[in-house]
Amino acid sequence: MRDSQIGDGTSVAPYSSIVDARIGLDCRIWRYVNLYGCELGDETMVGSFVEVQDDAVVGDRCRLQTHAFVCSNVEVGDGVFVSHGAKFINDRYPPSGDTEEWESTIVGDGAAIGTNATLLPVSVGENALVGAGAVVVRDVPANAIVAGNPAEIIGYRD
């Protein structure tokens, strides 16, 4: 937990690596988590084997399930659910090696990202639902449900 700020009431399980991170109040960090240079809001849960990289921001009351990967330049709103194995990508043409070419992803409040979904640099609207295994290559409107590869709108949440 080197050079990090950990909020009151936050629990960190053994074998996690936390470097230069800002973690809010009452969070739960499970085993084998890598957090570095990132920010987590209050009451957020981070499951085992999750990695959150430099300059990523995760809001309040989020759940990052096991094996999720949140790369640099990702901003996750409040109350977002990121399921097991979901991945964010910031480099459309890897490996560019040039961080100036990396792009951002923004996930709106209340969105849900399904198991093993892959999100290229996009915006996901508030309360949107990304289906399991979806490959998101275009922006997702608020309340939309997307699925497939490439992900397409298949409906809207009420």
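In this report, the structure presented in the accompanying data block is examined. Bear in mind the structure is a predicted one, so any value in this text is a computation, not a measurement.

Conventions and cut-offs
Residues numbered from 1 in each chain as written. Predicted model: local features only at pLDDT ≥ 70, side-chain atom pairs only at ≥ 80, totals over all residues. Heavy atoms only, no water. Helix = DSSP H or I, 4+ residues; strand = E, 2+ residues; numbered from the N terminus. Buried < 20%, exposed > 50% of the residue type's maximum accessible area, 1.4 Å probe, protein only. Contact = heavy atoms within 4.5 Å. Areas by Shrake-Rupley, 256 points an atom, 1.4 Å probe, with all protein chains shown as cover. Lys, Arg positive; Asp, Glu negative; His and termini not counted. Charge placed at Lys NZ, Arg CZ, Asp CG, Glu CD. Core = buried A, V, L, I, M, F, W, Y, C linked by side-chain atoms within 4.5 Å. Phe/Tyr/Trp six-rings, centres within 6.5 Å; stacked < 30°, edge-to-face > 60°. Lys NZ or Arg CZ within 6 Å of the ring centre and 35° of its normal. Pairing = 2+ DSSP bridges. Salt bridge = Lys/Arg side-chain N within 4 Å of Asp/Glu carboxyl O.

With that settled, the discussion passes to the overall build of the protein. Counting its regular elements, the protein contains 0 helices and 23 strands. A total of 158 residues make up the protein; the buried ones form 44% of that total. For the protein, restricting intrachain contacts to residue pairs at least 6 apart in sequence, the fraction spanning at least 24 positions comes to 14%. If you sum the accessible surface of the protein, you get close to 7,700 Å²; carbon and sulfur atoms cover 48% of it. Each charge class in the protein was averaged separately, 10 positive and 23 negative side chains, and the resulting centres sit 9 Å apart.

Turning our attention to the nonpolar core. By size, the foremost hydrophobic cluster in this structure holds 40 residues, and its most contacted members are Leu 35, Val 52, Val 124 and Val 136. Among the secondary structure elements, those contributing two or more residues to this core are strand S13 (74–76) and strand S22 (144–147). Residues contacting Val 136, with those up to four places away along its chain left out, are Thr 118, Leu 119, Leu 120, Val 122, Val 130, Val 146 and Ala 151.

Let us look at the packing of aromatic side chains. Taken as a whole, this structure holds 2 aromatic pairs when the rule is applied. Ring centres 5.2 Å apart and planes at 10° place the aromatic pair Tyr 32 and Phe 49 in the stacked group. Placement of the pair is Tyr 32 in the loop between strand S5 (28–29) and strand S6 (34–36) and Phe 49 in the loop between strand S8 (45–46) and strand S9 (51–52), with a sequence separation of 17 residues. By the ring-pair criterion, three or more aromatic residues cluster together here, those being Tyr 15, Tyr 32 and Phe 49. Seen from the ring of Trp 30, Arg 28 lies directly overhead, with NZ or CZ sitting 3.9 Å from the centre.

Turning our eyes to something else, we now look at unusual backbone geometry. With omega at 0°, the peptide bond leading from Asn 149 into Pro 150 counts as cis. Summarising the element assignment, Pro 150 is placed in the loop between S22 and strand S23 (152–156). Positive phi, normally seen in glycine, also occurs at Tyr 32, with a value near 60°. The residue Asn 143 is not glycine, and still its phi comes out positive at about 70°. With respect to the secondary-structure elements, Asn 143 resides in the loop between strand S21 (135–136) and S22. With a relative accessible area of 28%, Asn 143 lands in the partly exposed category.

To continue, consider the pairing of S22. Only one face of S22 is buried, namely the one carrying Ala 144 and Val 146, since none of Ile 145 and Ala 147 on the opposite face is buried. In this structure, strand S20 (residues 129–130) lies alongside S22, joined through 2 bridges in parallel fashion. Of the residues in S22, the one forming a bridge with Leu 129 is Ile 145. A loop of 4 residues connects S22 with S23, the two strands running antiparallel in sequence, and Gly 148 in this loop sits at a positive phi of about 100°.

Turning our eyes to something else, we now look at the pattern of salt bridges. All told, the structure shown has 3 salt bridges when counted by the stated rule. Two residues, Glu 39 and Arg 22, come together in a salt bridge whose shortest N-O distance is 3.6 Å. Here the residue Glu 39 occupies a position in strand S7 (residues 39–40), and Arg 22 occupies one in strand S4 (residues 22–23), the gap between them amounting to 17 residues. Using a relative accessible area of 34% as the deciding quantity, one classes Glu 39 as partly exposed. Classification of Arg 22 by relative accessible area gives partly exposed; the value is 34%. With a shortest N-O distance of 2.9 Å, Arg 92 and Glu 103 are connected by a salt bridge. Here the residue Arg 92 occupies a position in the loop between strand S15 (87–88) and strand S16 (105–107), and Glu 103 occupies one in the loop between S15 and S16, the gap between them amounting to 11 residues. Relative accessible area serves as the criterion here: at 30%, Arg 92 is assigned to the partly exposed category. Residue classification places Glu 103 among the partly exposed positions, given a relative accessible area of 30%.

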